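Listed below are the residues making up each chain.
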Amino acid sequence: EPEVTQTPSHQVTQMGQEVILRCVPISNHLYFYWYRQILGQKVEFLVSFYNNEISEKSEIFDDQFSVERPDGSNFTLKIRSTKLEDSAMYFCASTSVGRETQYFGPGTRLLVL
Amino acid sequence: GENVEQHPSTLSVQEGDSAVIKCTYSDSASNYFPWYKQELGKGPQLIIDIRSNVGEKKDQRIAVTLNKTAKHFSLHITETQPEDSAVYFCAARGPAGTALIFGKGTTLSVSS
(Lines give C-alpha, C1' and ligand atoms only; values in the text may rest on other atoms or scores of the structure.)
Protein backbone atom coordinates (compact mmCIF):
# COMPACT_ATOMS: atom_id res chain seq x y z
CA GLU A 1 0.00 0.00 0.00
CA PRO A 2 1.42 3.42 -0.92
CA GLU A 3 2.43 5.59 2.00
CA VAL A 4 3.83 9.01 2.81
CA THR A 5 7.48 8.92 3.83
CA GLN A 6 9.45 11.53 5.76
CA THR A 7 13.13 12.13 6.39
CA PRO A 8 14.87 12.42 8.72
CA SER A 9 12.97 10.63 11.47
CA HIS A 10 14.80 12.71 14.10
CA GLN A 11 16.65 16.01 13.84
CA VAL A 12 18.50 17.89 16.55
CA THR A 13 19.56 21.45 15.83
CA GLN A 14 20.84 24.51 17.60
CA MET A 15 18.62 27.53 18.09
CA GLY A 16 19.00 29.94 15.19
CA GLN A 17 19.93 27.25 12.66
CA GLU A 18 17.95 26.45 9.55
CA VAL A 19 16.38 23.02 9.08
CA ILE A 20 14.73 21.37 6.11
CA LEU A 21 12.26 18.58 6.65
CA ARG A 22 11.56 16.33 3.71
CA CYS A 23 8.50 14.42 2.63
CA VAL A 24 7.64 12.16 -0.26
CA PRO A 25 3.85 12.21 -0.68
CA ILE A 26 1.90 9.35 -2.23
CA SER A 27 2.71 9.40 -5.92
CA ASN A 28 -0.64 10.35 -7.48
CA HIS A 29 -1.57 12.86 -4.79
CA LEU A 30 -1.62 16.55 -5.57
CA TYR A 31 -2.54 18.20 -2.26
CA PHE A 32 0.18 18.35 0.38
CA TYR A 33 0.13 19.46 3.98
CA TRP A 34 2.36 20.07 6.96
CA TYR A 35 1.13 19.69 10.52
CA ARG A 36 2.99 19.81 13.79
CA GLN A 37 2.40 18.22 17.17
CA ILE A 38 4.10 19.60 20.23
CA LEU A 39 4.72 16.81 22.75
CA GLY A 40 1.49 15.78 24.43
CA GLN A 41 -0.63 18.28 22.53
CA LYS A 42 -2.99 18.22 19.57
CA VAL A 43 -1.99 18.05 15.95
CA GLU A 44 -1.96 21.57 14.49
CA PHE A 45 -2.31 22.57 10.84
CA LEU A 46 0.54 24.61 9.37
CA VAL A 47 0.06 24.84 5.62
CA SER A 48 -1.49 23.25 2.56
CA PHE A 49 0.00 23.29 -0.92
CA TYR A 50 -1.54 22.67 -4.32
CA ASN A 51 -0.46 23.39 -7.86
CA ASN A 52 2.91 24.72 -6.71
CA GLU A 53 1.53 27.31 -4.37
CA ILE A 54 0.28 27.67 -0.83
CA SER A 55 -3.50 27.26 -0.75
CA GLU A 56 -4.03 27.78 2.97
CA LYS A 57 -1.89 28.52 6.02
CA SER A 58 -2.40 28.95 9.74
CA GLU A 59 -1.22 31.70 12.07
CA ILE A 60 1.63 29.42 13.11
CA PHE A 61 3.05 29.47 9.58
CA ASP A 62 4.85 32.80 9.79
CA ASP A 63 7.77 34.19 7.80
CA GLN A 64 10.26 31.76 9.32
CA PHE A 65 8.51 28.88 7.54
CA SER A 66 8.49 28.10 3.84
CA VAL A 67 7.45 25.13 1.70
CA GLU A 68 8.64 23.94 -1.63
CA ARG A 69 8.14 21.15 -4.11
CA PRO A 70 11.62 21.11 -5.61
CA ASP A 71 10.97 18.19 -7.94
CA GLY A 72 8.24 15.77 -8.90
CA SER A 73 8.40 13.72 -5.73
CA ASN A 74 9.63 15.75 -2.74
CA PHE A 75 7.79 18.28 -0.61
CA THR A 76 9.86 20.21 1.91
CA LEU A 77 9.31 22.40 4.95
CA LYS A 78 12.08 24.87 5.74
CA ILE A 79 12.35 26.55 9.11
CA ARG A 80 14.74 29.48 9.08
CA SER A 81 16.37 30.49 12.36
CA THR A 82 14.79 27.83 14.57
CA LYS A 83 13.49 28.68 18.03
CA LEU A 84 13.16 26.49 21.11
CA GLU A 85 9.39 26.46 20.68
CA ASP A 86 9.74 24.91 17.23
CA SER A 87 10.56 21.62 18.94
CA ALA A 88 7.77 19.27 17.89
CA MET A 89 6.85 16.35 15.70
CA TYR A 90 6.23 17.52 12.15
CA PHE A 91 3.88 15.49 9.99
CA CYS A 92 3.48 15.62 6.25
CA ALA A 93 0.19 14.53 4.70
CA SER A 94 -1.19 14.20 1.19
CA THR A 95 -4.53 13.83 -0.55
CA SER A 96 -5.54 12.96 -4.06
CA VAL A 97 -7.71 15.29 -6.14
CA GLY A 98 -11.39 14.89 -5.42
CA ARG A 99 -10.81 12.89 -2.24
CA GLU A 100 -10.88 14.01 1.36
CA THR A 101 -8.77 11.48 3.19
CA GLN A 102 -5.44 12.90 4.30
CA TYR A 103 -2.71 10.29 4.62
CA PHE A 104 -0.07 11.12 7.18
CA GLY A 105 3.59 10.23 7.21
CA PRO A 106 5.41 8.89 10.29
CA GLY A 107 6.72 12.32 11.22
CA THR A 108 10.04 14.03 11.90
CA ARG A 109 10.84 14.73 15.52
CA LEU A 110 12.62 18.09 15.68
CA LEU A 111 14.48 19.11 18.81
CA VAL A 112 15.86 22.64 19.02
CA LEU A 113 18.50 23.17 21.71
CA GLY B 1 -12.14 29.84 12.97
CA GLU B 2 -13.08 26.26 13.72
CA ASN B 3 -12.48 24.87 17.20
CA VAL B 4 -12.79 21.21 18.13
CA GLU B 5 -13.20 19.99 21.69
CA GLN B 6 -12.68 16.32 22.56
CA HIS B 7 -13.62 14.33 25.65
CA PRO B 8 -12.49 12.45 27.61
CA SER B 9 -8.76 12.99 27.55
CA THR B 10 -8.15 9.48 28.91
CA LEU B 11 -10.35 6.40 28.83
CA SER B 12 -9.66 3.02 30.37
CA VAL B 13 -11.83 0.00 29.58
CA GLN B 14 -11.73 -3.73 30.01
CA GLU B 15 -11.26 -5.91 26.96
CA GLY B 16 -14.63 -6.58 25.37
CA ASP B 17 -16.23 -3.40 26.67
CA SER B 18 -17.33 -0.52 24.45
CA ALA B 19 -15.57 2.84 24.28
CA VAL B 20 -17.12 6.15 23.30
CA ILE B 21 -15.21 9.34 22.52
CA LYS B 22 -17.07 12.60 21.91
CA CYS B 23 -16.17 15.75 20.01
CA THR B 24 -17.88 19.07 19.47
CA TYR B 25 -17.13 21.61 16.79
CA SER B 26 -17.87 25.30 16.53
CA ASP B 27 -18.27 26.03 12.81
CA SER B 28 -21.66 24.89 11.57
CA ALA B 29 -20.32 24.99 8.00
CA SER B 30 -17.80 22.21 8.67
CA ASN B 31 -18.68 19.24 6.51
CA TYR B 32 -16.10 16.50 6.98
CA PHE B 33 -15.18 14.73 10.21
CA PRO B 34 -12.41 12.12 10.26
CA TRP B 35 -11.13 10.09 13.19
CA TYR B 36 -7.48 9.17 13.44
CA LYS B 37 -5.66 6.60 15.56
CA GLN B 38 -2.09 7.36 16.58
CA GLU B 39 0.14 4.66 17.98
CA LEU B 40 3.31 5.52 19.83
CA GLY B 41 5.97 6.94 17.53
CA LYS B 42 3.78 6.83 14.44
CA GLY B 43 1.76 9.26 12.40
CA PRO B 44 -2.04 9.49 12.65
CA GLN B 45 -3.88 6.80 10.70
CA LEU B 46 -7.44 7.35 9.48
CA ILE B 47 -9.84 4.83 10.95
CA ILE B 48 -13.21 6.21 9.88
CA ASP B 49 -14.72 9.42 8.59
CA ILE B 50 -18.16 10.91 8.08
CA ARG B 51 -19.55 13.70 5.95
CA SER B 52 -22.18 16.17 7.03
CA ASN B 53 -24.89 14.65 4.84
CA VAL B 54 -24.70 11.37 6.77
CA GLY B 55 -25.80 10.74 10.36
CA GLU B 56 -24.00 7.49 11.05
CA LYS B 57 -21.34 5.29 9.53
CA LYS B 58 -20.11 1.89 10.63
CA ASP B 59 -17.08 -0.21 9.78
CA GLN B 60 -16.95 -3.51 11.66
CA ARG B 61 -16.33 -2.66 15.34
CA ILE B 62 -16.06 1.07 14.74
CA ALA B 63 -18.90 3.52 14.21
CA VAL B 64 -19.20 7.27 14.06
CA THR B 65 -22.34 9.33 14.64
CA LEU B 66 -22.90 12.96 13.73
CA ASN B 67 -25.45 15.38 15.14
CA LYS B 68 -25.28 18.52 12.99
CA THR B 69 -27.85 20.39 15.05
CA ALA B 70 -25.86 19.96 18.22
CA LYS B 71 -22.54 20.15 16.38
CA HIS B 72 -21.11 17.03 17.89
CA PHE B 73 -19.85 13.71 16.65
CA SER B 74 -18.80 10.56 18.44
CA LEU B 75 -16.61 7.52 17.90
CA HIS B 76 -17.89 4.19 19.14
CA ILE B 77 -15.64 1.15 19.44
CA THR B 78 -17.33 -2.11 20.40
CA GLU B 79 -15.71 -5.29 21.69
CA THR B 80 -12.50 -3.48 22.45
CA GLN B 81 -9.20 -5.34 22.20
CA PRO B 82 -5.77 -4.54 23.69
CA GLU B 83 -4.54 -3.53 20.22
CA ASP B 84 -7.14 -0.74 20.23
CA SER B 85 -5.00 0.99 22.85
CA ALA B 86 -3.75 4.24 21.28
CA VAL B 87 -4.44 7.96 21.10
CA TYR B 88 -7.54 8.82 19.10
CA PHE B 89 -8.04 12.23 17.50
CA CYS B 90 -11.18 13.68 16.02
CA ALA B 91 -10.96 16.43 13.44
CA ALA B 92 -13.19 18.74 11.45
CA ARG B 93 -12.79 20.43 8.10
CA GLY B 94 -14.62 23.48 6.86
CA PRO B 95 -16.12 23.85 3.39
CA ALA B 96 -13.76 26.57 2.22
CA GLY B 97 -10.45 24.95 2.94
CA THR B 98 -8.70 21.63 3.31
CA ALA B 99 -7.06 22.07 6.71
CA LEU B 100 -8.06 19.60 9.38
CA ILE B 101 -8.63 21.06 12.84
CA PHE B 102 -7.91 18.44 15.46
CA GLY B 103 -9.18 17.81 18.95
CA LYS B 104 -6.70 17.32 21.78
CA GLY B 105 -6.88 13.54 21.64
CA THR B 106 -8.09 10.70 23.84
CA THR B 107 -5.71 8.11 25.23
CA LEU B 108 -7.58 4.81 25.19
CA SER B 109 -6.23 1.97 27.30
CA VAL B 110 -7.76 -1.48 26.92
CA SER B 111 -6.72 -3.94 29.58
CA SER B 112 -7.08 -7.68 29.22
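Here, every reference points to the structure presented above.
All chains use their own residue numbering, which begins from 1 and follows the written sequence. Here chains are named by letter from A upward and ligands by number from 1 upward, in the order in which they appear as written. A pLDDT threshold of at least 70 governs which residues receive local features in this predicted model, and a stricter bar of 80 or more applies before side-chain atom pairs are shown or counted, although totals over entire chains, interfaces and linings include all residues. Excluded from the side-chain calculation are hydrogens and water; included are all heavy atoms of the structure.

## Points about the overall build of chain B
Helix numbering and strand numbering both begin at the N terminus, where a helix is a DSSP run of H or I of at least 4 residues and a strand a DSSP run of E of at least 2. Helix and strand counts for chain B come out as zero helices and 11 strands. In sequence order, chain B lays out its α and β elements as β-β-β-β-β-β-β-β-β-β-β. The globule rule puts the C-alpha radius of gyration for 112 residues at 13 Å, and the 13 Å found for chain B is close to it. Considered along the principal axes of its C-alpha atoms, chain B spans approximately 45 × 30 × 20 Å. Any two residues whose heavy atoms approach within 4.5 Å are treated as being in contact. Nonlocal contacts in chain B, meaning residues at least 24 apart in sequence, comprise 53% of its contacts between residues at least 6 apart. Split by element, the accessible area of chain B, about 5,500 Å² in all, is 48% carbon and sulfur. Between the two quantities, the radius of gyration covers C-alpha atoms and the globule rule is 2.2 Å times the number of residues to the power 0.38. Areas reported as accessible are Shrake-Rupley estimates using a 1.4 Å probe. Residue values count occlusion only from the protein chains shown.

## Structural notes on the layout of surface pockets
Residues and elements named next belong to chain B. Of the voids in this model, the largest pocket is the one considered here, and its volume is about 450 Å³. For the lining of the largest pocket, the secondary-structure elements that each account for two or more residues are β1 (4–7), β9 (86–92) and β11 (106–111). Ranked by residues supplied to the lining of the largest pocket, first place goes to β1 with four residues. Here the term charged refers only to Asp, Glu, Lys and Arg, the term nonpolar to Ala, Val, Leu, Ile, Met, Phe, Trp, Tyr, Cys and Pro, and the term polar to all other amino acids, Gly among them. Here the residues of the lining of the largest pocket sort into seven nonpolar, 12 polar and five charged. Computed over the protein atoms alone on a 1 Å grid, cavities are sets of points where a 1.4 Å probe fits but cannot get out and pockets are open sets with protein on both sides within 12 Å along at least five of seven lines; a residue lines them when it has an atom within 4 Å of a point. Grid points are joined across faces, edges and corners, and a volume is the space filled by probe spheres set on the points.

## Some words on the nonpolar core
If you look at soluble globular proteins, the nonpolar side chains tend to sit buried side by side. Counting 24 residues, the largest nonpolar core has Trp35, Phe73, Leu75, Tyr88 and Leu108 of chain B as its most contacted members. Every element with two or more residues in this core is listed here: β2 (10–14), β3 (19–25), β4 (32–38), β5 (45–51), β7 (62–67), β8 (72–77), β9 and β11 of chain B. Every residue in contact with Phe73 of chain B, bar those within four places of it in the chain, is listed here: Ile21, Lys22, Cys23, Tyr25, Phe33, Trp35, Thr65, Leu66, Cys90 and Ala91 of chain B. Residues Val19, Phe49, Phe61 and Leu110 of chain A belong to the second largest nonpolar core, which totals 21 residues. Here the nonpolar core consists of buried residues drawn from Ala, Val, Leu, Ile, Met, Phe, Trp, Tyr and Cys, with membership extended through side-chain atoms lying within 4.5 Å. Note on exposure labels: buried denotes an accessible area under 20% of the residue type's maximum, exposed denotes more than 50%, and partly exposed covers the range between, all computed with a 1.4 Å probe on protein chains only.

## What to know about the sheet that holds strand β8 (residues 75–79) of chain A
All names here are of chain A. Strands pair, by our definition, only if DSSP identifies at least two bridges between them. Strand order in the open sheet formed by four strands is β1-β3-β8-β7, and the pairing between neighbours is antiparallel. Lying at the two open borders of the sheet, with one neighbouring strand each, are β1 (5–7) and β7 (65–68). This sheet shows a mean twist of 20° between the axes of neighbouring strands, independent of strand direction. The convention used is that axes are lines fitted to C-alpha atoms, helices contributing only their stretch in contact, and that angles between N-to-C directions extend from 0 to 180 degrees.

## Here we look at the state of the cysteines
Residues and elements named next belong to chain A. For the purposes of this analysis, a disulfide is any pair of cysteine sulfur atoms at a distance within 2.5 Å. Throughout the structure, instances matching the rule amount to two disulfides over all chains. Disulfide pairing is shown between Cys23 and Cys92; the S-S distance is 1.9 Å. An S-S torsion of about -65° defines the bridge between Cys23 and Cys92 as left-handed. Taken together, the residues Cys23 in strand β3 (residues 19–24) and Cys92 in strand β9 (residues 88–95) connect sequence positions 69 residues apart. For the pair shown, Cys23 and Cys92 are each scored as buried.

## Focus on the interface of chain B and chain A
Counting residues at the interface gives 22 residues for chain B, matched by 16 residues for chain A. Buried area is understood as the total, over both parts, of accessible area removed when two parts are fitted together, assessed with a 1.4 Å probe. Interface of chain B and chain A: buried area, both sides summed, is about 1,500 Å²; carbon and sulfur atoms make up 51% of it. On the chain B side of the interface with chain A, the three residues burying the most area are Pro44, Thr98 and Phe102 of chain B, jointly 30% of the side's total. Here a salt bridge means any side-chain nitrogen of Lys or Arg lying within 4 Å of a carboxyl oxygen belonging to Asp or Glu. On the surface where chain B and chain A come into contact, there are two salt bridges. Residues Arg51 of chain B and Glu100 of chain A are paired through a salt bridge, measuring 2.2 Å at the closest nitrogen-oxygen approach. Only β4 and β5 of chain B provide two or more residues apiece to the side of chain B that touches chain A. Looking at the side of chain B that touches chain A residue by residue, the classes come out as nine nonpolar, eight polar and five charged.

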